[in-house]
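Summary of the model geometry
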Amino acid sequence: TISVLADFFIVVITALFFAANPTLYTHGFVKLFPERRRTRMLEVLHACYYTLKMWLLGMLSAMAIIGVSTAIAYMIIGLPLALALGLISFFLAFIPNIGPWLAGIPAVLIGLTVSPDMALLVIIVYGGIQMVETYIITPIIFQKTVDLPPALLLFFQVLLGILQGGLGLLMSAPILAVLIVVINELYVKDVLESGRGAESDTVQASGSAEVES
């Protein structure tokens, strides 16, 4: 736990340094590339920034909806510590797919201290909230922000969780979003599509030469 908290603290401090003077780091990074590629690299960095901004906006919206709806539902059924459990649901919703279900564990345990029927009611209520959030709310939000393939995200979470532990699990979604942008911009567009265009131009040129001959 201490290791995860220390790593997370380092990530936050580093992010603050980047946010304080982003131009210094972006232009310093771009200088590592040939001058003819620097404008393109700035475009890619801007695309990564926009993607991360939209992902964070969508994530915060989904987290707020989960936290508020969970706290209200717990208060309605009379579960103790409803606000605290709603806050836990809010923070753990930052971890896609896995985090929201982890937040249900303390709620069920507190429900068991009241009665088995209360624990069962908590499972039903929280499961219903998660079903609505997973299949209705989140797809609508991320359709307008950043659309991450669910299977690929789950695989990436497991991979980074094995390699980096809790911090890797927390950072898996934004890292995957940036990787998708980088691959799409630098490989799909600049290599595959531009190569296809060059090949098409070569074929057309050879065809024109044959017609003229």
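Every value quoted in this text rests on a predicted model; they were computed, and no experiment measured them.

Considerations on the overall build of the protein
Check the secondary structure of the protein and you find nine helices and zero strands. Reading the protein from its N end, one meets helices and strands in the order α-α-α-α-α-α-α-α-α. Relative to the 2.2 N^0.38 estimate, which gives 17 Å for 213 residues, the radius of gyration of the protein is 24 Å and therefore markedly larger than a compact globule would have. For the protein, the spread of C-alpha atoms along the principal axes amounts to about 90 × 40 × 30 Å. Relative to its 213 residues, the protein shows a buried fraction of 30%. Long-range contacts, defined here as pairs at least 24 residues apart, represent 64% of the contacts in the protein between residues at least 6 apart. Between the averaged position of the 9 positive side-chain charges in the protein and that of its 13 negative side-chain charges there is a distance of 9 Å.

Quick look at the nonpolar core
Of all hydrophobic cores here, the largest spans 17 residues; its most connected members are W55, M59, F142, V146, L148, L153 and A173. Elements that contribute at least two residues to this core include exactly α3 (35–77), α7 (116–143), α8 (150–164) and α9 (166–212). By residue number, the principal contributor to this core is α3, which donates six residues. With 14 residues, the next largest nonpolar core counts A73, I77, L79 and A107 among its residues.

Digging into a nonpolar patch on the surface
Side chains of L152, L154, F155, V158, L159, I162, L163 and I180 sit close together on the surface and give an oily, nonpolar patch of about 730 Å² of accessible area. Counting residues per element, the nonpolar patch draws most heavily on α8, which supplies seven residues.

Things to note about the environment of L154
Mapped onto the secondary structure, L154 falls in helix α8. Each C-alpha atom, one on L154 and one on L169, is 9.8 Å from the other, the two residues being 15 residues apart in sequence.

Quick notes on the packing of aromatic side chains
Overall, the coordinates contain six aromatic pairs when judged by the stated rule. A ring pair is formed by F29 and F33, whose centres lie 5.3 Å apart and whose planes are at 70 degrees; its orientation type is edge-to-face. The partly exposed category is assigned to F33, whose relative accessible area is 26%. Taking the centre distance of 5.6 Å and the plane angle of 75 degrees together, the rings of W55 and F94 count as edge-to-face. Remark: F94 occurs in the loop between α4 (82–92) and α5 (99–102) and W55 occurs in helix α3; sequence separation between them is 39 residues. The buried category is assigned to W55, whose relative accessible area is 5%. Taken together, the aromatic side chains of Y74, W101 and Y126 make up a single cluster linked through ring pairs.

Observations regarding the pattern of salt bridges
Tallying each qualifying case throughout the model produces five salt bridges. Between R37 and D190 there is a salt bridge; the shortest N-O distance is 3.3 Å. With R37 in helix α3 and D190 in helix α9, this residue pair connects regions lying 153 residues apart in the sequence. We classify D190 as partly exposed; its relative accessible area is 23%. Between K189 and E185 there is a salt bridge, and its shortest N-O distance comes to 3.1 Å. On the criterion of helical spacing, the pair formed by K189 and E185 is a turn pair, its members being four residues apart in helix α9. On the accessibility criterion, K189 (36% relative accessible area) is partly exposed. What emerges from the salt-bridge pattern is a single network uniting R37, R40, E43, E185, K189 and D190.

A word on the confidence of the model for the protein
Residue-level pLDDT values for the protein average 83, and 91% of them are 70 or greater. When mean pLDDT is taken per element in the protein, helix α6 (residues 104–114) scores highest with 92 and α9 scores lowest with 73.

Quick look at the environment of Q143
Within the element layout of this structure, Q143 appears in helix α7. The exposed category is assigned to Q143, whose relative accessible area is 68%. Remark: the alpha-carbon pair of Q143 and N97, spanning 46 residues in sequence, is separated by 16 Å.

Criteria and thresholds
Residues numbered from 1 in each chain as written. Predicted model: local features only at pLDDT ≥ 70, side-chain atom pairs only at ≥ 80, totals over all residues. Heavy atoms only, no water. Helix = DSSP H or I, 4+ residues; strand = E, 2+ residues; numbered from the N terminus. Rg over C-alpha atoms; globule rule 2.2 N^0.38 Å. Buried < 20%, exposed > 50% of the residue type's maximum accessible area, 1.4 Å probe, protein only. Contact = heavy atoms within 4.5 Å. Lys, Arg positive; Asp, Glu negative; His and termini not counted. Charge placed at Lys NZ, Arg CZ, Asp CG, Glu CD. Core = buried A, V, L, I, M, F, W, Y, C linked by side-chain atoms within 4.5 Å. Patch = residues over 30% accessible without salt bridge, like charges linked within 9 Å, V, L, I, M, F, W, Y side chains within 5 Å. Areas by Shrake-Rupley, 256 points an atom, 1.4 Å probe, with all protein chains shown as cover. Salt bridge = Lys/Arg side-chain N within 4 Å of Asp/Glu carboxyl O. Phe/Tyr/Trp six-rings, centres within 6.5 Å; stacked < 30°, edge-to-face > 60°. pLDDT = per-residue confidence, 0-100.

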